[in-house]
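Chains, contacts and geometry: an overview
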Amino acid sequence: MKIVERMAAWRRERRVLRRVSRAAWRLDQAEAERSWALVSARAEGVSIRKRAAVAGLSPTRVHQIVAAADLDALDAALGELRAAGWPAPEDPDGDDDAELDSRELVADRLIDEVGWLRQCADWLIHLHTQLYPPVVNLRPEGDHPDRAQVVVDVPRVAAILYRIAIDVDELARVRRVADLENAAVLPDRRAERRRRVAEPDLDFREFCRRKQLPASSTPQLERAWDAWQAERHRRGETDTPRGVAEMSANPASS
């Protein structure tokens, strides 16, 4: 083997070993975070069976991890990771809609998108194995008890995946969340929730076509307009529940 080939092989081996070392470090940190999460869950009174089921471990293994954990040492180690940009865990007392607000770190936004990828995978499995389709709420959880459930089909999953791809592409190229444009979080939580699930604003003509609402006369047009406004209110697009808007603002009259 020539010296040039030996050097190339040595460099390649060094890069591969560096990758192994980095993966091992990440695994160590992930295991430390898992131990911290399991200890924290025990402190919250969560049963060992529930913790084991979520962690994918046996109850015996969970007991061993918790018994060997030093919570103060874990807090200190994870504090250093947070300062380096390691994503912070969810706050049990936090807001279920926290992802709809602006994140401070790009890494946290990427974690949000990983969650959406997992959700899309779950939906595809459901569509493949179940007789009925899953549903998704167009409104934030904070709007409870108001909900706007829509059926999740393959075209919707594809649209969400395209949205994720666009957001992640931009997230990979910026240094700060403040630099985002297309992937920037919308100021209204309801609008951002609809953006995340790839749901465009409800078009009047499309609504009439979908509901087979005739609009050939003024009374019919007014009834269709009222129904459209009511549906927009149900979806959280407007705070106005009903009412006929000015006909000059009616897109169907143009």
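Look a little higher up for the structure.
These numbers were taken from a predicted model, which means no experiment stands behind them.

1. Description of the layout of surface pockets
Approximately 250 Å³ is the volume found for the second largest pocket. Val-150, Arg-156, Glu-199, Arg-210 and Arg-235 are the residues nearest the centre of the second largest pocket, which is lined by 14 residues in total. The set of elements that each furnish at least two residues to the lining of the second largest pocket consists of α8 (204-211) and α9 (218-235). Among the elements that take part in the lining of the second largest pocket, α8 stands out by supplying four residues, more than any other. When grouped by side-chain class, the residues that make up the lining of the second largest pocket number four nonpolar, no polar and 10 charged.

2. Quick word on the packing of aromatic side chains
For the structure on display, the rule yields three aromatic pairs. Their ring planes at 75° and their centres at 5.3 Å tell us that Phe-204 and Trp-228 sit as a pair that is edge-to-face. With Phe-204 in helix α8 and Trp-228 in helix α9, the pair connects residues that are 24 residues apart, well separated along the chain. Assigned by exposure class, Phe-204 and Trp-228 land together as buried. Site record: aromatic cluster; members linked through ring pairs are Phe-204, Trp-225 and Trp-228. One residue, Arg-163, lies across the ring of Trp-116, its end atom 5.8 Å from the ring centre. In this structure, Arg-232 is placed above the aromatic ring of Trp-228, and the distance from its NZ or CZ to the ring centre is 5.0 Å.

3. Here we look at helix α7 (residues 189-196)
Most of α7 sits inside the fold, with six of its eight residues counted as buried. Of the positions making up α7, those classed as buried are Ala-191, Glu-192, Arg-193, Arg-194, Arg-195 and Arg-196. Buried-residue contacts for α7 involve α5 (106-129), β1 (135-137), α6 (154-171) and α9.

4. Focus: a nonpolar patch on the surface
A contiguous nonpolar surface patch, about 420 Å² in accessible area, is contributed by Ile-3, Val-4, Met-7 and Trp-10. Within the fold, Ile-3 resides in helix α1 (residues 3-43).

5. What about the side chain of Glu-199?
Tracing the backbone through its elements, the reader meets Glu-199 in the loop between α7 and α8. A relative accessible area of 12% means that Glu-199 is categorised as buried. Polar contacts involving the side chain of Glu-199 include one to the side chain of Arg-156, which spans 2.7 Å. Non-local contacts of Glu-199, meaning those with residues more than four positions away in its chain, are made with Leu-138, Arg-156, Arg-194 and Arg-235.

6. Focus on a positive patch on the surface
A contiguous patch of positive charge on the surface is contributed by Arg-11, Arg-12, Arg-14, Arg-15, Arg-18, Arg-19, Arg-22 and Arg-26. Tracing the sequence through the fold places Arg-22 in helix α1. Judged by its relative accessible area of 39%, Arg-22 is partly exposed.

7. Considerations on the packing of helix α2 (residues 48-55) against helix α3 (residues 59-68)
Their axes nearest at 9 Å, the elements α2 and α3 cross at an angle of 100°. Classified by the angle their axes make, α2 and α3 are roughly perpendicular. Contact residues: α2 offers Ile-48, Arg-51 and Ala-52, while α3 offers Pro-59, Val-62, His-63 and Val-66. Its residues placed into classes, the contact of α2 with α3 shows five nonpolar, one polar and one charged.

8. Quick word on the pattern of salt bridges
For the structure on display, the rule yields 21 salt bridges. Measuring nitrogen to oxygen at the nearest pair gives 3.7 Å for the salt bridge that ties Glu-141 to Arg-147. With a closest N to O distance of 2.9 Å, Asp-143 and Arg-190 form a salt bridge. Of this pair, Asp-143 sits in the loop between β1 and β2 (149-151) while Arg-190 sits in helix α7, and the two are 47 residues apart along the sequence. Residue class for Asp-143 comes out buried when judged on its relative accessible area of 14%. A relative accessible area of 23% places Arg-190 in the partly exposed class. Each of Glu-99, Arg-109, Glu-113, Arg-163, Asp-167, Glu-192, Arg-195 and Arg-196 takes part in one network of salt bridges that share partners.

Parameters at a glance
Residues numbered from 1 in each chain as written. Predicted model: local features only at pLDDT ≥ 70, side-chain atom pairs only at ≥ 80, totals over all residues. Heavy atoms only, no water. 1 Å grid on protein atoms, 1.4 Å probe; cavity = no way out; pocket = protein on both sides within 12 Å on 5 of 7 lines; lining within 4 Å. Points joined across faces, edges and corners; volume = space filled by probe spheres on them. Helix = DSSP H or I, 4+ residues; strand = E, 2+ residues; numbered from the N terminus. Nonpolar A, V, L, I, M, F, W, Y, C, P; charged D, E, K, R; others polar. Phe/Tyr/Trp six-rings, centres within 6.5 Å; stacked < 30°, edge-to-face > 60°. Buried < 20%, exposed > 50% of the residue type's maximum accessible area, 1.4 Å probe, protein only. Lys NZ or Arg CZ within 6 Å of the ring centre and 35° of its normal. Contact = heavy atoms within 4.5 Å. Patch = residues over 30% accessible without salt bridge, like charges linked within 9 Å, V, L, I, M, F, W, Y side chains within 5 Å. Areas by Shrake-Rupley, 256 points an atom, 1.4 Å probe, with all protein chains shown as cover. Salt bridge = Lys/Arg side-chain N within 4 Å of Asp/Glu carboxyl O. Polar contact = N/O pair within 3.5 Å; in protein donor to acceptor, adjacent residues only side chain to side chain. Lys, Arg positive; Asp, Glu negative; His and termini not counted. Charge placed at Lys NZ, Arg CZ, Asp CG, Glu CD. Axes fitted to C-alpha atoms, helices over the stretch in contact; angles between N-to-C directions. Parallel < 35°, antiparallel > 145°, perpendicular 65-115°, else oblique.

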